[in-house]
Structure formats: structure tokens, C-alpha cells
Amino acid sequence: MTKLWGGRFTKQAEEWVDAFGASIPFDQKLVEEDLQGSIAHVHMLKNQEIITEEEAAEIHRGLEAVLAKAKNGELEYSIQNEDIHLNIEKFLIDEIGPVGGKLHTGRSRNDQVATDVHLYVRNHTHTVMQSIRALQQALLLQAEEHVETIIPGYTHLQRAQPISFGHHMMAYFWMLERDYGRFEDSLKRTNISPLGAGALAGTTFPIDRRQTAEELGFDDIYQNSLDAVSDRDFALEFMSAASTVMMHLSRLAEEMIFWSSQEFQFIELDDSFATGSSIMPQKKNPDMAELIRGKTGRVYGNLMGLYTLLKGLPLAYNKDMQEDKEGLFDTVRTLEGSLDIFAGMVETMEVRTEKMAETTSKDFSNATELADYLAVKGVPFREAHEIVGKLVLDCIQSNKYLADLSMNEFKEANEAFEEDIYEVLKPETVVSRRNSEGGTGFDQVRSAIEQGKKVIKQKL
């Protein structure tokens, strides 16, 4: 088969060399973006009188026919045609004859592929932002239902202070809000058109780059043709933001794995997001949470792979840049799937409020409240801290909790203790009193939920 670029060459490469160099096995994913860019390009060629109206109409008709076949899964891609661009050009020529060869006037595969990747990243940025919103909605639902559900809060994976479960859910809501903002901001760099930059130096044809940019929905064009074809910063930015989202999901996955264990029993995951064991019939494994935790590593790897790919490349385009796509495609697939699974997993999980309440009544997570109580009574906090630490030690040695101490035992520790200490030590009191802005107090959590709802409503 004669290559579309084969005029310069006297012999063809071995088949295995063609297969090694071809990108069509993976860049066929860009078929709709490539056709979208081509349709805009042919409109511009007509308007600039670079081709005739008749030629443009025939090419447009052919591109629409190829697009219809692409959407119906009727295209058979060829490794001999290397990539998505040459495959489409071959389909077009087969559809309408030699006039299809005029489509490539005034452009190169270099600015063509850059345009395709910009369109692809832009489309999936919007999809990811919608998926983030869906997960935030699920977190809001759980938070609103469990404002007054109390769970142990941890530092160093040791029980620290009791908190509202709704407060815990809202922590992830605000993480995801930052993620949403990163993707939203990245669109400023993604939504720029490289089309018309040519191979690296522009073109002698009187093209109108602004027209194609406007038709494709870009906000601006690259101001430098070298930069236009060689820039993949926008893909790095997408993959970096994706890595941060996956890190957040992995942290929540870790907690859900803990919480659903026999040791915690804080939540029950819906059967749709768990699996069993081939040998142990009693098992219910949180496999989707574990899998997302594991897939985080591959998203990090894709990001580092692209950084490594680009770090040594001179301007402008190099064949190495063909390797930018598989990691990007994998990141998109992994991130979108992870977000969608998490939204369902969070929305359907059963929160075991009684187990959580039982847990917070049998620990020392109310010890800080005791120290604060003494500080309010005028005892210096450092002294109060030491007094309470000794009380905790006494309780551990006598196998009881702070609320089990008698009034005499409290008085022996410090005369500032009064009968109200027993009310102060209740988990509900401990949580509700932490009413500083952004704290776990019930009123603060309700306020945060309302604020979260407004944030989502404003940006929908």
C-alpha cells in the first residue's frame, strides 16, 4: 500500500516496523475530535477561497459520511495508514475521490493532533467536573442526614476527639471543590487553538486561524506556531489535577475500608460495590474502594510518564510525542470511572449510627474537653493538660472511662471540677460545643452544608 506521504521514499518499511510506529491502535479514540477539526478547517478553506465552494461542499459531505460511519462503528482502521489523521484522509478519498486530498491544504498532522488532544481534554474536563459534582451531591446527602451522628475523629489513627459524621463527609466535599476549581481553571490553558500552526512554522496559505478557533469553541489561538504544536502543558495540568482527585478518593477509600471492617463496623457498603471470596463464604470485601485506591498509582504513573516524555524534547514536534496519548486516555478512563463508582458507593452506604455512638462513649476522646473545662475555670491549660493526663492514666489502670469517675475522684484531681462535668463529658456536648467557624459543632456543620449547596447551585 502506498503511503499518503510516500513520495520521498524508495522502499516501504517492514510490516513490524509499521506496526511499532503506528498510533492508530489507540489514537482512533480521537476520531470524532479529528473530524470536528477537519470540518472547521474545510469551512475556513472555503471562506478564504483557498478551495472552491464546490470542493468544500464535497469534502464536507464526505467528512459527514465518515463521521456517521465512525459513530456507527463501521470504520476499519489500518496500521499502514499509521494514525487517525491519515486513516480519515484515506476514508475521505475513498468516499469522494481525489478532491479529498485538498482537505490537508494549509495544515499539518502536527497542528492537527494538537487540536484533537485539546478538544479531547476539554470535553473530558467538563465530564470530570460533572462527575465531581455528582460525588459532592452524594456527600451532601450523607452529611445532611448525619449532622448529629457522632464518630471518633482520629489523628495518627488514634482516637482524638468525637466529631460529627456530617462534618467528616463535608471535609471531602471541600477537597473535591478545590479539585473542581483546578479543572475549571485549567480550561484557560486547554481552550486555546493550535490549528493553523502547520508543522512548526505556520503556512503560506491565507488561512484564518481565528475562524477555525471560533467554530471549534476555543477562546483564543496560540501566538507562536512552535509552541502550538509542541505544547502539552494542558495535558499535564489535566493529569496533575486528576492525580490530586485520585489522591482524595484514595484517602476516602482507605477510610471506608476501615469503617466497613468487622473491627469498626461503622458502615455497610451496598452489595453492588463489594465482592465475596472464592473460599471464605462469610467474606464481603470492599473491592471497589480497594481498586480505586490501587488505581491511584497508575494515574500518578501516567503523569510522571508524560513529564518524563517531554523533559528532553527540543522544539518543535517529535515522534516521541505520540506517546502522550495512551497515558492520558487511561487517566481519563480511570478518573471518570472512579468518580462515578464513588458517587454510587457513598450515596448507598448504610451508616451504623448506633455503633458509632457506642464507640464514642467508650474511649478517651472527651479528654480535651476536660482540659478545656479546667482552663475556663482559670487553671492554666498546661497544668490542666497534666491533670487530665493523670486522670486518663488512672482510668486505664482501673479499666474505666472518664465519665465513670466519681465526683470525689474529680475533686481529688482538682477542686475546680463541679457536677456539670458529667454533662460536659457527653459526646453530644463535646461535639456541639465546638462551634468555632469551620468546626464540628452541629450548627457549624449545618451552615457548611448550606454553603456547599450554594456553591454547587452557583456553578451549575
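Thresholds applied
Residues numbered from 1 in each chain as written. Predicted model: local features only at pLDDT ≥ 70, side-chain atom pairs only at ≥ 80, totals over all residues. Heavy atoms only, no water. Helix = DSSP H or I, 4+ residues; strand = E, 2+ residues; numbered from the N terminus. Rg over C-alpha atoms; globule rule 2.2 N^0.38 Å. Buried < 20%, exposed > 50% of the residue type's maximum accessible area, 1.4 Å probe, protein only. Contact = heavy atoms within 4.5 Å. Lys, Arg positive; Asp, Glu negative; His and termini not counted. Charge placed at Lys NZ, Arg CZ, Asp CG, Glu CD. Salt bridge = Lys/Arg side-chain N within 4 Å of Asp/Glu carboxyl O. Phe/Tyr/Trp six-rings, centres within 6.5 Å; stacked < 30°, edge-to-face > 60°. Lys NZ or Arg CZ within 6 Å of the ring centre and 35° of its normal. Core = buried A, V, L, I, M, F, W, Y, C linked by side-chain atoms within 4.5 Å. Domains from an automatic or database assignment. Pairing = 2+ DSSP bridges. Expected span 1.5 Å × (residues − 1). Arc of directions from axis to C-beta.

I'd like a rundown of the overall build of the protein chain, residues and numbers included.
The helix and strand inventory of the protein chain stands at 19 helices and 6 strands. In terms of overall size, the protein chain is more extended than a compact globule, its C-alpha atoms giving a radius of gyration of 30 Å where 460 residues would be expected to give roughly 23 Å. The principal-axis extent of the C-alpha atoms belonging to the protein chain is close to 100 × 50 × 40 Å. Buried residues in the protein chain amount to 50% of all 460 residues. Sequence separation of 24 or more characterises 75% of the internal contacts of the protein chain that already satisfy a separation of 6 or more. Across the protein chain, the 48 positively charged side chains and the 75 negatively charged ones have centroids separated by 2 Å.

Before we move on, can you summarise unusual backbone geometry with the specific residues and values?
Going from L315 to A316, the amide bond is cis rather than trans, its omega being 5 degrees. Position of A316 relative to the elements: it lies in the loop between α11 (287-310) and α12 (325-348). Non-glycine residue H156 carries a positive phi angle of around 55 degrees. Tracing the backbone shows H156 in the loop between β1 (150-155) and β2 (158-164). Classification of H156 by relative accessible area gives exposed; the value is 75%.

Could you give an account of the pattern of salt bridges, naming the residues involved and the relevant values?
Any two side chains of opposite charge can pair, so long as their charged atoms come close to each other. Across all of its chains, the model carries 33 salt bridges by this definition. One salt bridge in this structure joins R61 and E58, with 2.8 Å as the shortest N-O distance. Here R61 pairs with E58, and both are found in helix α4 (residues 53-71), just 3 residues apart, close to one helical turn. Judged by its relative accessible area of 29%, E58 is partly exposed. Residue K390 pairs with E386 through a salt bridge whose shortest N-O separation is 3.4 Å. Linking K390 with E386, this pair stays in helix α15 (residues 381-398), spanning 4 residues, or about one helical turn. For E386, a relative accessible area of 47% puts it in the partly exposed group.

A description of the packing of aromatic side chains should follow, citing residues and the corresponding values.
The full count for this structure, using the stated rule, is 12 aromatic pairs. Linked through ring pairs, Y154, F258, F264 and F266 together constitute an aromatic cluster. Lying across the ring of F329, K29 places its NZ or CZ 5.8 Å from the centre. Positioned above the aromatic ring of F218, the side-chain terminus of R122 is 5.1 Å from the ring centre.

Which residues make up the nonpolar core, and what values do they have?
The nonpolar side chains of a soluble globular protein tend to be buried with one another. The biggest cluster of nonpolar side chains holds 78 residues, and the ones touching the most others in it are L135, F183, M256, W259 and F342. Contributions of two or more residues to this core are made by α6 (109-145), β1, α7 (165-190), α9 (225-230), α10 (233-259), α11, α12 and α19 (442-459). Of all the elements, α10 adds the most residues to this core, at 15 residues. Each of two domains, domain 2 (110-355) and domain 3 (364-458), supplies a minimum of three residues to this core. Core analysis: the next-biggest nonpolar cluster, separate from the first, contains 25 residues, V42, M44, L45 and I207 among them.

Provide a residue-level description of the pairing of β1, including the pertinent values.
Each regular strand shows side chains that alternate between the opposite faces of the sheet. Inspection of the sheet shows β1 paired to β2 by 6 bridges, in the antiparallel sense. Its bridge partner being in β2, T155 is matched across the sheet by Q158. A loop of 2 residues connects β1 with β2, the two strands running antiparallel in sequence, and H156 in this loop sits at a positive phi of about 55 degrees.

Before we move on, can you summarise the domain arrangement of the protein chain with the specific residues and values?
Taken domain by domain, the protein chain comprises domain 1 (15-105), domain 2 (110-355) and domain 3 (364-458). Summarising the inter-unit geometry, the C-alpha centres of domain 1 and domain 3 are found 69 Å apart.

Let's hear about α4: which residues, and what values?
If you check α4, its first and last C-alpha atoms are 27 Å apart, about what 19 residues at 1.5 Å a residue would give, namely 27 Å. Listed in full, the buried residues belonging to α4 are E55, A56, I59, G62, L63, V66, L67 and A70. The buried residues of α4 occupy one face: seen down the axis, they fall within an arc of 140 degrees. Opposite the packed face of α4, turned more than 90 degrees from it, sit the exposed residues E53, E54 and K71. Of the surrounding elements, those touching the buried residues of α4 are α3 (31-47) and α5 (84-96). Note on α4: the residue one or two positions beyond its end, G73, has a positive phi of about 70 degrees.

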